[in-house]
Amino acid sequence: MSVARSAFRMAKFGRSTYLPMTSVLTSRTTLNSLQTKDFLSNKIKIETQQPRYLSSEAPRDVQKEIGDLVAKNKVVIFMKGVPEAPQCGFSNAVVQILRMHAVTYDAHNVLVDEELRQGIKDFSSWPTIPQVYIEGEFIGGCDILLQMHQTGELIEELQKVGIKSALMDPEDEKK
C-alpha cells in the first residue's frame, strides 16, 4: 500500500497516527489522485519548518554577530560557497584577487545560513554578495574589488592595515 493511501486510510478511519506531509509527497501516488476532501482537510498534520525557541533561548542577533566578525578580522568576505569551492563567479573572482595578493582572510558562506545572507545585506545596505570588509570597513563587492586591484588601490588599502600584498613592487616597499 502506498504512503499516500496509508495516510488516507488513517485520516478516513480517524486513527491518531499522522504522517508528515513530506512523506506523503514523496509517494508515487499524487495528491490529485486521491478522491476525498477528508485527506486534504485538517485531519492530516503538516509539519512546518518554523524556528522554535525554548523559553530560555533568545532570537539570534545576526547584526551583532556580523559586527563581531568584521571587527575581529582584518579582511572578511561574505561569499557564496567557500574559498576552495566558490559557488558563484563573482565570489570566485574575489577569491582569486585575494589569492594573487596572498592575503589571509576570513570567509563566510552565506548559502548555508539564510539569516546571515539577509543579515549581511542589511548590515552593509548593499544588495549583492560577495561583500568584502577590510579592517571593519565595507569595501564593496566583486566589481569594486576588481577595480581597486586593477588600479593598484587595493595594495594601498592593504598597506594601511598592515598587510603586505604579494603584488607589491619591491621598489615601493623600500619607500
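Details of the structure are given in the entry above.
Keep in mind that what you see is a predicted model, and the values were worked out from it rather than measured.

Procedures and definitions
- Residues numbered from 1 in each chain as written.
- Predicted model: local features only at pLDDT ≥ 70, side-chain atom pairs only at ≥ 80, totals over all residues.
- Heavy atoms only, no water.
- Buried < 20%, exposed > 50% of the residue type's maximum accessible area, 1.4 Å probe, protein only.
- Helix = DSSP H or I, 4+ residues; strand = E, 2+ residues; numbered from the N terminus.
- Arc of directions from axis to C-beta.
- Contact = heavy atoms within 4.5 Å.
- Pairing = 2+ DSSP bridges.
- Axes fitted to C-alpha atoms, helices over the stretch in contact; angles between N-to-C directions.
- Core = buried A, V, L, I, M, F, W, Y, C linked by side-chain atoms within 4.5 Å.
- Salt bridge = Lys/Arg side-chain N within 4 Å of Asp/Glu carboxyl O.

Visitor: Mind showing me how you'd approach helix H8 (residues 153-160) here?
Guide: Because the α-helix completes a turn every 3.6 residues, residues three or four places apart line up on one side. Along H8, the residues classified as buried are Leu154, Ile155, Glu157 and Leu158. Looking straight down H8, one finds that the buried residues subtend no more than 165° of arc, so they occupy a single side. Contacts from the buried residues of H8 go to strand E1 (75-79), helix H5 (89-100), strand E5 (131-134) and helix H7 (142-151). Downstream of H8 by a residue or two, Gly162 has a phi angle that is positive, lying close to 85°.

Visitor: Help me understand the sheet that holds strand E4 (residues 106-109), please; the structure alone is not making it clear to me.
Guide: Two orientations exist for strands paired in a sheet by backbone hydrogen bonds: parallel and antiparallel. Taken together, four strands build an open sheet; the order of strands is E4-E1-E5-E6 and the sheet is mixed. Single-partner strands in this sheet number two, and they are E4 and strand E6 (137-140). Ignoring strand direction, the axes of neighbouring strands in this sheet form an average angle of 25°. In terms of strand pairing, E1 meets E5 through four bridges, oriented antiparallel. Bridge pairing in E5 links Phe78 to Gln131. Contacting E1, E4, E5 and E6, helix H6 (residues 114-124) runs over the sheet at an angle of about 60° to E5.

Visitor: Sorry, what's going on with the nonpolar core here?
Guide: Taken as a class, soluble globular proteins show a tendency for nonpolar side chains to be buried jointly. Counting residues in hydrophobic clusters, the biggest one holds 18 residues, and the most contacted among them are Val75, Val94, Leu98, Ile134, Leu145, Leu154 and Leu158. Among the secondary structure elements, those contributing two or more residues to this core are E1, H5, E5, H7 and H8. Looking at this core, the element that brings in the most residues is H5, giving four residues. Once residues lying within four places of it in the same chain are set aside, the contact partners of Val75 are Leu98, Val103, Thr104, Tyr105, Asp106, Tyr133, Ile134, Leu158 and Ile163. Leu69, Val70, Phe78 and Val110 belong to the second largest nonpolar core, which has eleven residues in total.

Visitor: Can you walk me through the pattern of salt bridges in this structure?
Guide: Summed over the entire model, instances satisfying the criterion amount to five salt bridges. The residue Asp113 makes a salt bridge to Arg60 at a minimum N-O spacing of 2.6 Å. With Asp113 in the loop between E4 and H6 and Arg60 in the loop between helix H3 (37-40) and helix H4 (62-72), this pair connects stretches of sequence that are 53 residues apart. Among the ionic contacts, a cluster of salt bridges with common partners joins Arg60, Glu65, Asp113 and Glu115.

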